[in-house]
Amino acid sequence: MTPRGARAAVALLGALLAACASAPPSDPTDLPTQDLLEVVAVLRLHVDDDTYRFPPARDISGLNVYRAAFERLETLEAAHPDKVGSGYATDVLWFSKARALERLGEYELATLHYERVSQLDSELAEPARRGYAVCRRLALATAPDKLPVERTPQQVADRWTERRKQLEELRSDVAGEHWRYVVEEELERGDVAEAAYFASQAAIEPKLEATALQRAQQVVEVHRESKYKNRHMLALADLYAELSRRYARNTPPTSLAFDPATFDEYAEDATRIYEIVAQQDGSVEKLEAAHKLEAYLGYMLQVHEEKVPQ
Amino acid sequence: MKKKCRNRRRLGVAFLCSVALCAAGCAAHRAPKPAEWSPLESARAPHDPLPDDAERSAARLAAAVLADRRGDARAEAASIDREDAAREARGEKPSGLADNAAELLAACDGSDAFAEDADDLLDRDDLDPALRRRVEHARDSAPLAVADTRLAEETRYKLGAIFNRIIEPASTLAMTGALNPITAARGAISTLLTAWTFPSASPREREALHEYDEWLARHPEAPGEREIRARADELRAKLARERATRDMRGAQAAADRRDWEVVDILASRALRQLPDDADAKALLAKAHEESAKESARDRASLGVRALAPASLAPEQEARWLALARAAANAPLAQVAGQARAFADAGAPPELAPTLRLLESYEPLARGDEDETARALARVPEHHGAPDTASRQAGAALADPSRNAYAHFRAAESADDTARWKWLALGHFANGFPHGTIWRPLELVLDVPGVATTLATIPFRIVQYPAARPQFGGGVIVAGERYAARHPDGAHREEVHAELEELYAQRNEYAAALRHAEARAEPNAKEIAQYRAKLADQLVAAAEKQRRTDVRLAYLAMVLRDLPDTPAADKARKKFIAERADASPQRIRMTHDFLVEHPALWGPGALGIAPELLDGKRANGEIAEDGVTLLGKNVIRLELEGHEPVTTRVPPDDFAHFVALLEETSRSHLARDAREKADPDAARDAFFDDTKLGMLDSADPRGSARSDAVYESTHEKYGFVHSRDPILPVDIVLQGDLESLGLSAFPRIRLPEPAPDALLYE
């Protein structure tokens, strides 16, 4: 080999080594998904998931799997307007978007997508009509109240009762289908919102304290199978803690009217529930409950010290 | 004749027996004495004598101080001094009010100035002991005094700690160094290297800073203001450095695990403490850069390359589309079948992972967990190009809830490894522990210790049964996930059995019972054992409850849910006794406490007949348990050898008694350094209601009941008044099986943390 040839060989080897050393293949988590079929395949894997009892699955990117699927489908639709507009795979794309949207609580949008698929000449038209019917009922039952401020607490309670009734009827209608989990989540969301409404109203109208407590306890009792059961317990403990604070604010511990037993009734329930949640190994709420318990115990000590100065 | 005699003898024996029985019976049940029939007397308390001249002057002095008439106050104080001088001249005792008058005059200047006047007061030799303690407390709790005390304690603490840190390993080295020279030398060297390291802003220094700030806020223009401010600023700078160091340590650890969000928070916090810190700035910039990259990666992963694969042949497009339609809605088994058919018909190679992902739906449709996991594991294909479908299969397999059995098995395996490692390597099980000295040197010092650790394996084998419950936490979490996700899963029996055993080892019998009952063939004997142990736990837990209603709830739970257990009988008896004995209050004074404070039970207070507390059992005596306040004005007297007597005290006398009882407690607290305040809001609320005459109804809520007990001084502290040792040194003898170390050395007693140290940590 001539010196020139040797130099060329060395240079080539160097270039090859450099090529091998640089630019490692991208991590598959960073790469775009391959095509529509892959998006639909992942979505389909999770369509029957019980998202009422268990947290929704996470996509490889760490996002909620339904949200990630919806984002990817949106990307596809925006990137290929002509092809989709021509009717190529349009039914699959819209139907899948509807499936993702109904899991995200976007029932109006899901209804729209199902409706569009139902008007196409596709084997997905029939299931889309069923999806349309269910999501329409979900959208109607969960539509926001247009007059929330003007209503009395009783009217608000009646409205929640009516909403619950509609959803319970729907739940029995979709008993064997994946929507039953969606309906259960909506029932839970409604119960939580109602409890939160009465908890906030009780701050203005002390007569509603008992109702607020009853509603919060009901959420814990009715939804003890839910993935949010620890969160509901935390909300109940927070309410007890807030009621004790409210009592101590309105009747300062140093005043003669302060009744330690009334304060303790709230405080002991709050600490007991915080303790229960703080012992739930493997749950995120454990940390929150442990720190809330510590903070609340600090507050309780302060109240007791004010009542009995040392 | 003989028979008659024998009969007579029998009659005699029977008579003697009956006499003996009668005597015994009488001894056991003597007739109640008059004081036991009627334990309260109706005598009225003698009136207090009318106030004398000194007392009248003291009252006028108090009024003058309250009205801020200082001239009048001084005149009245002088009047008391004159009266005392006159009494002394007459050979009488002084009024004892001069010290109180001096305190009142000192109080005229307000609480801020009181601490300065306290020294003058303490110079007096006529101070009442309780008043002296109170003035000393006021002097010592002034902000500057607290700050000085804490800083002096900190100096003592550091000097004492250095001595203790050096003497202990030195003693071990001297005594058992020959037996285990490696560990002893390692302990001595590492201790010597770290003996001088302390946190730069200790809780005591932080409290001193707080007190300086408090003083500066109260005395912004005082003469020593500049000096105090300089001291406060110096402490504040130390505290800022300490906080920044701690935050940066956390930020660096977060950076090592690439948790950039946490790095951002902690490095920003460090920068707020030390705005010019270059390390914090660099770390924050790095966090921002990495976070931006992560966001870009997340955005990229949400994209899709194409609507359909470009490599599809025209005749394959319809098939691909049909498969996509099926995947969107068809039953899982049908989707899997179509995917397999497409693959068999020669689908493009890059579609293979996606098709295998769809094929995995077939075992999923059958509910076959294991086959689904195997099918998902087959999805990835190493064909050189990045494979995006396999990552989805990987995500499904990595989900601890969806792929619960695999995670359960992994947790079991990790737990087995952890246990074996602990048995073999003890405290080296998780690698060489991180200490405070330079890491390479630490490793060099630690390596020889492994030999000792291996030699002590037998000790750990002996300790293993007790240490077992510390392991298995991860298995429990993973097993519970499986049981929740797959109540009818293929491995439920195995999981329930494992969880049952782990919970039983941890004495968590409710959970063990739950899993034992969930097994396919429940073991009746084990279930009975768990139920019995659970019932025992509930009864024991009931006894620990302060509130009666909670105690009753625990006992009721045993009676309702576990009535067939041995503890149920005990629970039943306790429940009945608690219910029968329930009372709104349960504040008790022991016999000796009452003897120590006769004013509490004399006329005008409880009004108990004196015979019941004169120590003579013959005329009746209150038992050791004493007298219990049951709520309203009802009291119960425990009597020696008789049933307790429950009676009512006249409301006015009862209110007077409560006031005396509170005064007695306060007086004890003021005079006796061993006494500690015992906050009890329910007791105080009951006493407040009593003094206000609100005795019409008792509060039935469990939270309103107090179980306070008043005991005599010797019941609380014994008959011998223990004194603190003069020398602040303890002699310590200690040994350690694992390192075979033994040492004996003097240890300097370090200052106790301040009562509110928690607020400065």
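Residues numbered from 1 in each chain as written. Chains lettered and ligands numbered in written order. Predicted model: local features only at pLDDT ≥ 70, side-chain atom pairs only at ≥ 80, totals over all residues.

Per the secondary structure count, chain B includes 33 helices and seven strands. Compactness check: chain B gives a C-alpha radius of gyration of 40 Å against a globular reference of 27 Å for 761 residues, more than 25% above the reference. Overall, the C-alpha framework of chain B stretches about 125 × 110 × 65 Å when taken along its three principal axes. Split into buried and exposed, the 761 residues of chain B put 29% on the buried side. Put simply, 58% of the contacts in chain B that link residues at least 6 apart link residues at least 24 apart. (Helix = DSSP H or I, 4+ residues; strand = E, 2+ residues; numbered from the N terminus. Rg over C-alpha atoms; globule rule 2.2 N^0.38 Å. Buried ≥ 20, exposed ≤ 12 C-beta atoms within 10 Å, placed from the backbone. Contact = placed C-beta atoms within 7 Å.)

Moving on, we come to the domain arrangement of chain B. Residue and element names in this part refer to chain B. When cut into domains, chain B gives domain 1 (53–140), domain 2 (240–295), domain 3 (332–398), domain 4 (407–522), domain 5 (538–582) and domain 6 (584–717). Here domain 5 and domain 6 have C-alpha centroids that lie 28 Å from each other. Counting residues at the interface gives five residues for domain 5, matched by four residues for domain 6. Class assignment for the residues of the side of domain 5 that touches domain 6 results in one nonpolar, one polar and three charged. (Domains from an automatic or database assignment. Nonpolar A, V, L, I, M, F, W, Y, C, P; charged D, E, K, R; others polar.)

The next subject is the environment of Tyr760(B). Residue and element names in this part refer to chain B. Along the polypeptide, tyrosine 760 turns up in the segment after strand S7 (741–748). For tyrosine 760, a count of 19 C-beta atoms within 10 Å gives the class partly exposed. If we ignore the near neighbours within four places in the chain, the residues touching tyrosine 760 are Pro203, Arg206 and Glu207.

Okay, unusual backbone geometry next. Residue and element names in this part refer to chain B. In this structure, arginine 258 takes a positive phi of about 60 degrees despite not being glycine. Structurally, arginine 258 can be placed in the loop between helix H11 (225–256) and helix H12 (260–273). Accessibility expressed as a C-beta count within 10 Å gives 10 for arginine 258, which makes it exposed. Of note in this structure, lysine 632 is not a glycine but carries a positive phi near 50 degrees. The residue lysine 632 is located in the loop between strand S2 (622–631) and strand S3 (634–639) in this model. Residue lysine 632 is classed as buried on the basis of its C-beta count, with 22 C-beta atoms lying within 10 Å.

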